[in-house]
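Residues per chain are reported as follows:
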Amino acid sequence: MIPLWFKLSYLLFVAALIPAYTLEHGLVNFLWFSNVALIGGLLAAWLESRRLASMMAVAVALLEMAWVFDFLLSLALAGPTPLGIVDYMYDPDIALHVRLLSLYHLLLPFVLFWMVWRLGYDRMAWRVWVPTGCAILVVTFVISTPERNINWVWGPGGQAQDWTSPYAWFGIVVLVCVSAWWLTHRVLLVVLRSFGRVG
């Protein structure tokens, strides 16, 4: 179902990205949902796993589209990033090759959509992903720092917030993520069911 050339290309890209990201950002950076979905998508492609591909699509499809929107709009506006999601793409303190590797965000949602189309959508993906995603958020909150602000568990954008308690903010993040995952699940389910691509 997934062509060998695609699997090998995906594998080579991730094999280049992991050491580059590790040296630049450290292993904790792989707790970002986008990085989880990138690696999870690789496993889904090689295993041709409908459930895993569906879980990764539920995890990041809407969130990644926000990244795509912010980046493309920043290019159109020649600099400022309207949502602040892609500010780091213009940070000269981050190695250029690492920022170029980060352009995978532009393709990731479409790659995941394509894999789900090829493999079919697993209607149980949302139920399996929600506890997994929440566990990742808890781990992120425990081991990351406000300065790193991975998955925005400390505040919106690149900044830690100070207008409410960290635990209240974390609760908001969990609620927003679960809502986004549910919405993504419903959209995928409705659209792909009409094409007979739901298993």
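Residues numbered from 1 in each chain as written. Predicted model: local features only at pLDDT ≥ 70, side-chain atom pairs only at ≥ 80, totals over all residues. Heavy atoms only, no water.

Colleague: An account of the packing of aromatic side chains is requested, with residue identities and associated values reported.
Modeller: Geometry of an aromatic ring pair is reported as the spacing of the ring centres plus the angle between the planes. Counted according to the given criterion, the structure contains 14 aromatic pairs. Each ring, one from F6 and one from W114, has its centre 4.8 Å from the other, and the planes form 55°; the classification is tilted. Of this pair, F6 sits in helix α1 (residues 4-25) while W114 sits in helix α5 (residues 104-119), placing them 108 residues apart in sequence. By relative accessible area, which is 11% here, F6 ends up buried. An aromatic cluster is built from W5, F6, Y10 and W114, whose rings are joined through pairwise contacts. Sitting above the plane of the W117 ring, R197 keeps its charged end 5.1 Å from the centroid. (Phe/Tyr/Trp six-rings, centres within 6.5 Å; stacked < 30°, edge-to-face > 60°. Helix = DSSP H or I, 4+ residues; strand = E, 2+ residues; numbered from the N terminus. Buried < 20%, exposed > 50% of the residue type's maximum accessible area, 1.4 Å probe, protein only. Lys NZ or Arg CZ within 6 Å of the ring centre and 35° of its normal.)

Colleague: Talk me through the pattern of salt bridges; I want residue IDs and the actual numbers.
Modeller: Where charged atoms from two side chains of opposite charge come close, those side chains can pair. Counted according to the given criterion, the structure contains 2 salt bridges. Close ionic contact of E48 with K7 constitutes a salt bridge, the shortest N to O distance being 3.1 Å. Taken together, the positions of E48 in the loop between α2 (33-47) and α3 (50-76) and K7 in helix α1 put the pair 41 residues apart, joining distant regions of the chain. A salt bridge links D122 to R51; the nearest nitrogen and oxygen atoms lie 2.6 Å apart. Taken together, the residues D122 in the loop between α5 and α6 (125-143) and R51 in helix α3 connect sequence positions 71 residues apart. Residue R51 is classed as partly exposed on the basis of its relative accessible area of 37%. (Salt bridge = Lys/Arg side-chain N within 4 Å of Asp/Glu carboxyl O.)

Colleague: Explain the nonpolar core to me, using residue names and the numbers behind them.
Modeller: Counting residues in each nonpolar core, the largest one holds 53 residues, and the members touching the most others are Y10, M115, Y121 and W129. Elements with a minimum of two residues in this core: α1, α2, α3, α4 (96-101), α5, α6 and α7 (166-193). Excluding residues that lie within four positions of it along the chain, M115 makes contacts with I2, F6, Y10, G41, A45, A53 and G120. (Core = buried A, V, L, I, M, F, W, Y, C linked by side-chain atoms within 4.5 Å. Contact = heavy atoms within 4.5 Å.)

Colleague: With reference to specific residues and values, describe the packing of α2 against α5.
Modeller: Where α2 contacts α5, the two axes come as close as 11 Å, and the packing angle between them is 35°. Remark: the crossing between α2 and α5 carries left-handed chirality. Where α2 approaches α5, its residues S34, N35, A37, L38, G41, A44 and A45 are matched on the opposing element by Y104, H105, L108, L112, M115 and L119. The class makeup of the residues in the contact of α2 with α5 is 9 nonpolar, 4 polar and no charged. (Axes fitted to C-alpha atoms, helices over the stretch in contact; angles between N-to-C directions. Left-handed = near helix turned anticlockwise from the far one by under 90°. Nonpolar A, V, L, I, M, F, W, Y, C, P; charged D, E, K, R; others polar.)

Colleague: Got a sec to walk through unusual backbone geometry? Specific residues and values, please.
Modeller: Despite not being glycine, N151 has its phi angle at roughly 55°, a positive value. With respect to the helices and strands, N151 occurs in the loop between α6 and α7. What makes N151 buried here is its relative accessible area of 10%. Phi at W152 takes a positive value of approximately 60°, unusual for a residue other than glycine.

Colleague: Describe in detail the environment of W181, supporting the description with residues and values.
Modeller: Secondary-structure assignment places W181 in helix α7. Overall, the relative accessible area of 0% leaves W181 in the buried class. For the pair W181 and G158, spaced 23 residues apart in sequence, the C-alpha to C-alpha distance is 22 Å.

This is a description of form; function is not addressed.
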